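# Geometric and topological summary
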Amino acid sequence: MRKVLILFLVVCVCFLFLTAQRRRRKKIDIKPPLTKEEIGGERLWRRFTEEENYEKYPFWPGHEGIQQGQSPHGDLHTVYIHPILFDALPIKDKVVPDGGMIVKCNMNAEKEIVAFTVMAKVEGYNPEANDWFWAKMSKDGEVEAEGKIKGCIECHSILKENDYVILYQLDKNPK
Ligand code: HEC
């Protein structure tokens with residue numbers, strides 16, 4: 001009888017330990033959105049790496065983990081979305097709120113990150129194209145392009161009515 005009790009206690013302790021671990025891993029200390037005065041490629045890099053670890057951000061619902069990419073973004077990718085964006089889903093008017101961010105890790109066939117392409121919503125930054133700040137960075141955070149990048153905006157305009165977002169219909173219920 002005593003053995004059973006001890007076993008039961010051990011199981012309980014393990015369970016508590018594991019759930020506490022999981023909770024800690026998920027916890028992100030969310031910072032206030034960057035303003036149009038603050039925004040810049042390097043500043044944005046620091047935000048989603050050092051200040052808020054992007055690997056703790058959620059994925060697009062239904063687009064979790066490593067996925068097959070399309071041209072020009074490379075073979076494979078993972079796409080993380082900032083909790084501000086995730087919590088706003090579904091977005092009826094299909095406009096991502098200020099502080100919403102999408103971090104796309106572009107990978108080679110070996111699943112190594114080769115570059116980051118990022119979209120960040122910054123109130124008042126670029127009203128002609130829905131206030132997105134666009135950036136491309138190397139795997140180590142070297143900024144290769146940033147700002148109102150014409151190429152990014154033009155191609156993503158195919159889904160202008162979905163706030164330039166291609167992978168996910170913003171008004172869809174995430175379940
Ligand atoms: C020629 C078209 C094209 C250009 C140019 C382009 N993209 Fe994309 N982008 C796509 C497609 C298609 C997807 C869907 C994901 C995929 O298949 O890789 C996408 C997805 C994304 C995503 C994930 C969110 C979403 O919209 O679904 C981000 C972030 C992104 N692109 C950023 C950028 C940035 C930053 C640039 C410029 C440096 C850029 N893109 C240039 C076509 C393009």
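Figured I'd write up the structure that's included with this text. Per chain, residues are indexed from 1 in the order of the written sequence. Since the coordinates come from a predicted model, pLDDT governs what is reported: local features require at least 70, and pairs of side-chain atoms require 80 or more to be given and counted, while whole-chain, interface and lining totals use all residues. The side-chain quantities take in all heavy atoms of the structure and omit both hydrogens and water.

### Things to note about the pairing of strand S3 (residues 101-107)
- Between buried and exposed lies partly exposed: a residue is buried under 20% and exposed over 50% of the maximum accessible area for its type, with that area taken using a 1.4 Å probe on protein chains only. Segments assigned H or I by DSSP are reported as helices when at least four residues long, segments assigned E as strands when at least two residues long, and all are numbered from the N terminus. Of all the seven residues making up S3, seven are buried; the element is thus mostly covered by neighbouring parts of the structure.
- The two faces of S3 match: Met101, Val103, Cys105 and Met107 on one face and Ile102, Lys104 and Asn106 on the other face are all buried.
- The pairing of strand S2 (residues 76-81) with S3 spans six bridges and is antiparallel. Its bridge partner being in S3, Tyr80 is matched across the sheet by Val103.
- Between S3 and strand S4 (residues 113-121), which pair antiparallel in sequence order, lie five residues; one of them, Lys111, sits at a positive phi of approximately 65°. One requirement defines pairing of two strands: DSSP has to find at least two bridges between them.

### A look at the nonpolar core
- We define the nonpolar core as a collection of buried residues of types Ala, Val, Leu, Ile, Met, Phe, Trp, Tyr and Cys that are connected through side-chain atoms lying within 4.5 Å of one another. Counting residues in hydrophobic clusters, the biggest one holds 20 residues, and the most contacted among them are Leu44, Phe48, Val103 and Phe116.
- Those elements that place two or more of their residues in this core are helix H2 (41-51), S3, S4 and strand S5 (132-138).
- Contacts are assigned to residue pairs that have any heavy atoms within 4.5 Å of one another. Residues contacting Phe116, with those up to four places away along its chain left out, are Trp45, Phe48, Tyr54, Val103, Lys104, Cys105, Asn106, Ala135, Lys136, Met137, Ser138 and Lys139.

### Section: the packing of aromatic side chains
- Note on aromatic contacts: the rings of Phe and Tyr and the six-membered ring of Trp form a pair at centre separations within 6.5 Å, being stacked when their planes are under 30 degrees apart, edge-to-face when over 60 apart, and tilted otherwise. According to the stated counting rule, one finds 10 aromatic pairs in the structure shown.
- Taking the centre distance of 5.9 Å and the plane angle of 50° together, the rings of Phe48 and Phe116 count as tilted. Linking Phe48 in helix H2 with Phe116 in strand S4, this pair joins segments that are 68 residues apart in sequence.
- Pairing Tyr125 with Phe133 gives two aromatic rings, centres 5.4 Å apart and planes at 65°, and the pair type is edge-to-face.
- Classification of Phe133 by relative accessible area gives buried; the value is 2%.

### Remarks on the side chain of Asn126
- Tracing the chain through its elements places Asn126 in the loop between S4 and S5.
- If we skip the residues at most four places from it in the chain, Asn126 touches Asp131, Trp132, Lys148 and Ile153.

### A closer look at the pairing of S5
- The element S5 is extensively covered by neighbouring structure, given that six of its seven residues are classed as buried.
- With seven bridges connecting them, S4 and S5 associate as antiparallel partners. Each residue of the ladder has a partner; that of Thr117, found in S5, is Lys136.
- Across four bridges, S5 lies against strand S6 (residues 143-147) in antiparallel orientation. Counterpart to Lys136 in the pairing with S6 is Ala145.

### Digging into H2
- Of all the positions in H2, only Gly41, Arg43, Leu44, Trp45, Arg47, Phe48 and Thr49 are classed as buried.
- For H2, the elements touching its buried residues are S3, S4, S5 and S6.

These values are about where atoms sit, not about what they do.
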